[in-house]
Amino acid sequence: MSRELASNRDPVDIRGAIYIPTRAFNRYQMWREYDPAIIERDLGYAASLNLNAIRTWLSYEFWLEDRTAHEERLEHFLETADSYDIEVLLGLFDSIGEEPTLENLYDTDLLTGVQTFSPSTRTMLDKELWGNPRDFIYWFMKKYRDDERLLAIELSNEPGWKRSSRKFVEAMTKMLTHYRGSIPLTMGSTSLANNTDYLDWGLDILQFHYNFAQTPALFRRVLEQAALTKSRQGKQVWLSEWQRVRPGEGFFADVTGEARYPDYSSLAPLIHEANVGNFFWSLMLRPASELHFRRQGVVNGLFHEDGAVWNLDDARAIKAMSGDPEYDGTERKEYPDWMTEMKGSTIPRTGPRPR
């Protein structure tokens, strides 16, 4: 796709990224080790791409530990985003990752640190323990349900329909919608099909995730389905996680060669053409969240901590969604020093993309 073609397309309304600081392996670490200077720097990188939205999550576990500190840090985050004209899609819980044990929450080892789900399985299974999650929702909604710095409020990311979580998620959704204000409500979802119940429960915005498409043609068909769903349901539809074209069957397919590295320009022009609100994973260059991928040397993201980008083509393709494809910066396709333990650190040449 030529730059001239990109610049002639209408800007996409919601242009966003997933945000977790580079060295945080989970949300608890993000908020416990919160550094205002890092947040201000990283959201500045987002602004340099003309992004107008960020998707991130609170930490229920850190809130239990120190709710005053969490609220103060959240205020700084929202104020910083607002100063860059960035709205925040903010999640309360997350259903993806490992059990939130103390060991997992604190682990910062490159090869073992993990994303953690929230709350714990024990909490979800025992109704007698639902008081704290309800207090968490009440605290948040009482203060932020009409906060114009928020783009939307997300109850949880990809809760799925495991028996251990469905009743909990449904009960917490009732709590969320009971205290609704002017800010739309939503749920992170792996596919549009998973959104049926969420609409019945009173949520306002549909989300779907499509991180890895085998071919651009398959990705284009999913975007067409999203447009049809938006028309039929009369609801906003956001692609709230996406990454690249990648060969292999299924999300957990083994990856080798250049497929281990970011390639947002393989999908960004299709999203721009479809004009779908979207959030790419992720703003900052990070080790893959899943250990299965991390042990194969997989990294995700765009910006190094010093502001260099992994791939200038990616930065330009993402910025083009604002109507401006120009981006001048430093490209560095190298693991940061602290990631060099990751397997497979040699960067091969990029081959032709499938059509």
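Now for the overall build of the protein. If you tally the helices and strands in the protein, you get 14 helices and ten strands. Computed over C-alpha atoms, the radius of gyration of the protein comes to 19 Å, within 12% of the 20 Å expected from 2.2 N^0.38 for 355 residues, which places it in the range of a compact globule. Taking as baseline every contact in the protein between residues at least 6 positions apart, the subset at least 24 positions apart corresponds to 73%. Carbon and sulfur atoms make up 45% of the accessible area of the protein, which amounts to about 15,300 Å² in all.

A few words on the sheet that holds strand 5 (residues 185–188). Sheets are built from strands paired through backbone hydrogen bonds, the pairs being either parallel or antiparallel. Read from one edge to the other, the open sheet built from eight strands follows the order 5-4-3-2-1-8-7-6, with strand pairing classed as parallel. A strand with exactly one partner marks an edge of an open sheet, and here the two such strands are strand 5 and strand 6 (206–213). When strand polarity is set aside, the average angle formed by the axes of neighbouring strands in this sheet is 25 degrees. Direction of pairing for strand 1 (residues 15–18) relative to strand 8 (residues 277–280): parallel, over a ladder of three bridges. From the neighbouring strand, A17 faces strand 8, where its bridge partner is F280.

Moving on: the packing of helix 5 (residues 67–83) against helix 8 (residues 131–144). In helix packing, the relevant descriptors are the interaxial angle and the interaxial distance, both defined with respect to the helix axes. Where helix 5 contacts helix 8, the axes come no closer than 13 Å and their chain directions differ by 40 degrees. Considering the angle they form, helix 5 stands oblique to helix 8. For helix 5 against helix 8, the interelement crossing comes out right-handed. Packed against helix 5, whose contacting residues are E71, L74, E75 and L78, the element helix 8 presents W139, F140, K143 and Y144 at the interface. Across the contact of helix 5 with helix 8, the residue classes tally to five nonpolar, no polar and three charged.

Every second residue of strand 8 is oriented toward a common face, with G277 and F279 on one face and N278 and F280 on the other, all of them buried. Bridge count between strand 7 (residues 237–245) and strand 8: three bridges; the pairing is parallel. Its bridge partner being in strand 8, W242 is matched across the sheet by F280.

With that settled, consider the confidence of the model for the protein. Scored by pLDDT, the protein comes out at a mean of 92, with 94% of its residues at no less than 70. Counting interchain partners and residues more than four positions distant, the pLDDT-below-50 stretch residues 1–8 has eleven contacts. For the stretch residues 345–355, pLDDT sits under 50, and the model shows 22 contacts to residues farther than four places along the chain or on other chains.

This model, assessed by the stated rule, comprises 16 salt bridges. The partner of E33 in a salt bridge is R32, with the nearest N and O atoms 2.6 Å apart. Using a relative accessible area of 32% as the deciding quantity, one classes R32 as partly exposed. A salt bridge links E154 to R55; the shortest N-O distance between them is 3.0 Å. Here the residue E154 occupies a position in strand 4 (residues 150–157), and R55 occupies one in strand 2 (residues 53–57), the gap between them amounting to 99 residues. Each of the two residues, E154 as well as R55, counts as buried. Beyond isolated ion pairs, a larger network of salt bridges with shared partners links R32, E33 and E65.

Evaluated as defined, the whole model comprises four cavities of 30 Å³ or more. Taken together, the elements giving at least two residues each to the lining of the largest cavity come down to strand 7 and strand 10 (299–300). Grouping the amino acids of the lining of the largest cavity by side-chain chemistry returns seven nonpolar, three polar and four charged. Estimates place the volume of the second largest cavity at around 70 Å³. Along its surface, the second largest cavity is lined by R27, Y28, W57, L58, S59, E61, F93, D94, L105, T116 and S118.

What counts and how
- Residues numbered from 1 in each chain as written.
- Predicted model: local features only at pLDDT ≥ 70, side-chain atom pairs only at ≥ 80, totals over all residues.
- Heavy atoms only, no water.
- Helix = DSSP H or I, 4+ residues; strand = E, 2+ residues; numbered from the N terminus.
- Rg over C-alpha atoms; globule rule 2.2 N^0.38 Å.
- Contact = heavy atoms within 4.5 Å.
- Areas by Shrake-Rupley, 256 points an atom, 1.4 Å probe, with all protein chains shown as cover.
- Pairing = 2+ DSSP bridges.
- Axes fitted to C-alpha atoms, helices over the stretch in contact; angles between N-to-C directions.
- Parallel < 35°, antiparallel > 145°, perpendicular 65-115°, else oblique.
- Left-handed = near helix turned anticlockwise from the far one by under 90°.
- Nonpolar A, V, L, I, M, F, W, Y, C, P; charged D, E, K, R; others polar.
- Buried < 20%, exposed > 50% of the residue type's maximum accessible area, 1.4 Å probe, protein only.
- pLDDT = per-residue confidence, 0-100.
- Salt bridge = Lys/Arg side-chain N within 4 Å of Asp/Glu carboxyl O.
- 1 Å grid on protein atoms, 1.4 Å probe; cavity = no way out; pocket = protein on both sides within 12 Å on 5 of 7 lines; lining within 4 Å.
- Points joined across faces, edges and corners; volume = space filled by probe spheres on them.

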